[in-house]
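# Fold and contact review
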Amino acid sequence: MGLFKALFGGKQDNTEENKKNDEAKNFDMFKYDGVKATRMGQQAYAIKCFKAALEIKDDLEVRDYLATALLRHGELLPAYEQLQTLAKAQPDNQAIFIQMANVTFMMEDYEAMSEACENAMQINDSNPHVLLLYAKACIGQGNPINAIAMLTKAIALDPDFGDAYLLRSQTLLNMGDRKSAREDMEKLIATYPHNEDVLMLKARIEHAEGKADEAILTYSLVIELNPFSTDAFKERGQVKYEKGDMIGAKEDLQKVLEIDPDKVAAITGEYSAEGIEHKVKQAYSNINPFGI
């Protein structure tokens, strides 16, 4: 038998076996070259490697790597499509649906984000992070009431969940409930007194409450932390404008122009050094004073 196999079947078997061995080697080469490229920040090359590996063999780990590389390369929809494939293969893996929610949030596809969150909640409805994501989806769909409910549940599960307090306070302020917004803000400011986002929230609440001088002081604290915060300059200028401080408002708007000219253009439609006072009036009559 050994002689007949060597004469008539050995060459074919060896060729088939060699082909499989070559494919396995190539798969590993593309996979690990892709991983290395991802770590080096070479996402475009990593994507090519992972796609080449998947042409040889469908592999969930490689699809996961590919989704990450696509996401880092800014290719949101292709990344989401890879995650959909992973979700079908592993329908009980909550982490996949959480990632899908994050990607769809960046895509501003709040319907798909809600669906991803609902799938994640079917696996485990006691994950505060999922509830936070669902709240963001609700806000994106214009449903702040349901968002408040999700955030309240998240806080009940994790009383120290700062991101949930922050979003709930921002949402309550946007809904006009300044009292409840302040309650959440005060808890945050006690824990994170030097956090830029928390201080911006505090300033916006003070502005909404008509406490102009306090709001200006708080916006100034934000600017001390981040001298490039165009939102802080813009909103502080708004408060100054409302107080009749045209010089201060002009200075803050000019600072926004220095940092980000496009932002001023978006407010006024056109901006130049000439007629600055008119531009200040035009700008601050058009912007949202709360920046929300």
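Here, every reference points to the structure presented above.
So, here is what we can say about the structure in this document. Quick caveat, the model's predicted, so the values are computed rather than measured.

Thresholds, definitions, all that
Residues numbered from 1 in each chain as written. Predicted model: local features only at pLDDT ≥ 70, side-chain atom pairs only at ≥ 80, totals over all residues. Heavy atoms only, no water. Helix = DSSP H or I, 4+ residues; strand = E, 2+ residues; numbered from the N terminus. Polar contact = N/O pair within 3.5 Å; in protein donor to acceptor, adjacent residues only side chain to side chain. Contact = heavy atoms within 4.5 Å. Salt bridge = Lys/Arg side-chain N within 4 Å of Asp/Glu carboxyl O. Disulfide = S-S within 2.5 Å. Patch = residues over 30% accessible without salt bridge, like charges linked within 9 Å, V, L, I, M, F, W, Y side chains within 5 Å. Areas by Shrake-Rupley, 256 points an atom, 1.4 Å probe, with all protein chains shown as cover. Lys, Arg positive; Asp, Glu negative; His and termini not counted. Charge placed at Lys NZ, Arg CZ, Asp CG, Glu CD. Expected span 1.5 Å × (residues − 1). Buried < 20%, exposed > 50% of the residue type's maximum accessible area, 1.4 Å probe, protein only.

### Regarding the side chain of Arg236
Mapped onto the elements of the fold, Arg236 is located in helix H13 (residues 230–242). A distance of 2.8 Å separates the side chain of Arg236 from the side chain of Asp252, its partner in a polar contact. Leaving out residues up to four positions away in the same chain, Arg236 has contacts with Ile216, Tyr219, Ser220, Ile223 and Asp252.

### A few points about the pattern of salt bridges
Summed over all chains, the structure comprises 13 salt bridges. One salt bridge connects Asp58 with Arg63, and the closest N-O pair in it is separated by 2.8 Å. The closest approach of N and O atoms between Glu183 and Lys179, which form a salt bridge, is 2.9 Å. On the criterion of helical spacing, the pair formed by Glu183 and Lys179 is a turn pair, its members being four residues apart in helix H10 (residues 178–191).

### Here's the deal with the state of the cysteines
Tallying each qualifying case throughout the model produces zero disulfides. For the unlinked cysteine Cys138, the closest cysteine sulfur is that of Cys117, found at 8.1 Å.

### Considerations on a negative patch on the surface
Judged by side-chain charge, Asp109, Glu111, Glu115 and Glu118 come together as a negatively charged surface patch. Inspection of the secondary structure puts Glu115 in helix H6 (residues 110–123).

### A closer look at helix H12 (residues 212–225)
The first and last C-alpha atoms of H12 sit 20 Å apart over 14 residues, in line with the 20 Å expected at 1.5 Å per residue. Among the residues of H12, Ala215, Ile216, Thr218, Tyr219, Ser220, Val222 and Ile223 are the ones counted as buried. Of the surrounding elements, those touching the buried residues of H12 are helix H11 (196–208) and H13.

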